[in-house]
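Structural overview
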Amino acid sequence: MSTPLDPIISEFETQEQADSYQRWFRERVQASLDDPRPSSPTMM
C-alpha cells in the first residue's frame, strides 16, 4: 500500500516514489564521486 504525500510538501505522490528517487540520486552521486577521470575545468 502506498503512503500518500502532501503535494504542498513533496513533488512525489507516495513515499515509495520519494524513496526510489532518493536511492537513484544517491547512486548517481556516488558514481560521480567514484569516477577516476579528472574533473572538467570550471568556467570563470
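Values in this document were obtained by computation on a predicted structure and should not be read as measured data.

Things to note about the overall build of the protein chain
- Each helix and strand counted, the protein chain has one helix and zero strands in total.
- With respect to the three principal axes, the spread of C-alpha positions in the protein chain is 45 × 25 × 10 Å.
- Expressed as a percentage of its 44 residues, the buried residues of the protein chain come to 7%.
- For the protein chain, the exposed area adds up to about 4600 Å²; of that, 56% sits on carbon and sulfur atoms.
- Each charge sign in the protein chain was given a centre, from 4 positive and 8 negative side chains, and these centres are 9 Å apart.

Regarding the UniProt feature "domain: Stability determinant" (unreviewed entry) in the protein chain
- Under the local residue numbering, the UniProt record ascribes the feature "domain: Stability determinant" (unreviewed entry) to residues 16-41.
- For the annotated span residues 16-41, helix accounts for 73% and strand for 0% of the residues, and the straight-line distance between the end C-alpha atoms is 37 Å.

Considering the pattern of salt bridges
- Tallying each qualifying case throughout the model produces one salt bridge.
- The residue arginine 37 makes a salt bridge to aspartate 35 at a minimum N-O spacing of 2.6 Å.
- Overall, the relative accessible area of 62% leaves arginine 37 in the exposed class.

Observations regarding the environment of serine 40
- In this fold, serine 40 is placed in the segment after helix H1 (15-34).
- Separated by 20 residues in sequence, serine 40 and serine 20 have C-alpha atoms that sit 29 Å apart.

Thoughts on a nonpolar patch on the surface
- Residues Tyr21, Trp24, Phe25, Val29 and Leu33 make up a contiguous nonpolar surface patch of about 500 Å² in total accessible area.
- With respect to the secondary-structure elements, valine 29 resides in helix H1.
- Using a relative accessible area of 36% as the deciding quantity, one classes valine 29 as partly exposed.

Rules of the game
Residues numbered from 1 in each chain as written. Predicted model: local features only at pLDDT ≥ 70, side-chain atom pairs only at ≥ 80, totals over all residues. Heavy atoms only, no water. Helix = DSSP H or I, 4+ residues; strand = E, 2+ residues; numbered from the N terminus. Buried < 20%, exposed > 50% of the residue type's maximum accessible area, 1.4 Å probe, protein only. Areas by Shrake-Rupley, 256 points an atom, 1.4 Å probe, with all protein chains shown as cover. Lys, Arg positive; Asp, Glu negative; His and termini not counted. Charge placed at Lys NZ, Arg CZ, Asp CG, Glu CD. UniProt positions renumbered as here; feature names shortened; annotations may be inferred. Salt bridge = Lys/Arg side-chain N within 4 Å of Asp/Glu carboxyl O. Patch = residues over 30% accessible without salt bridge, like charges linked within 9 Å, V, L, I, M, F, W, Y side chains within 5 Å.

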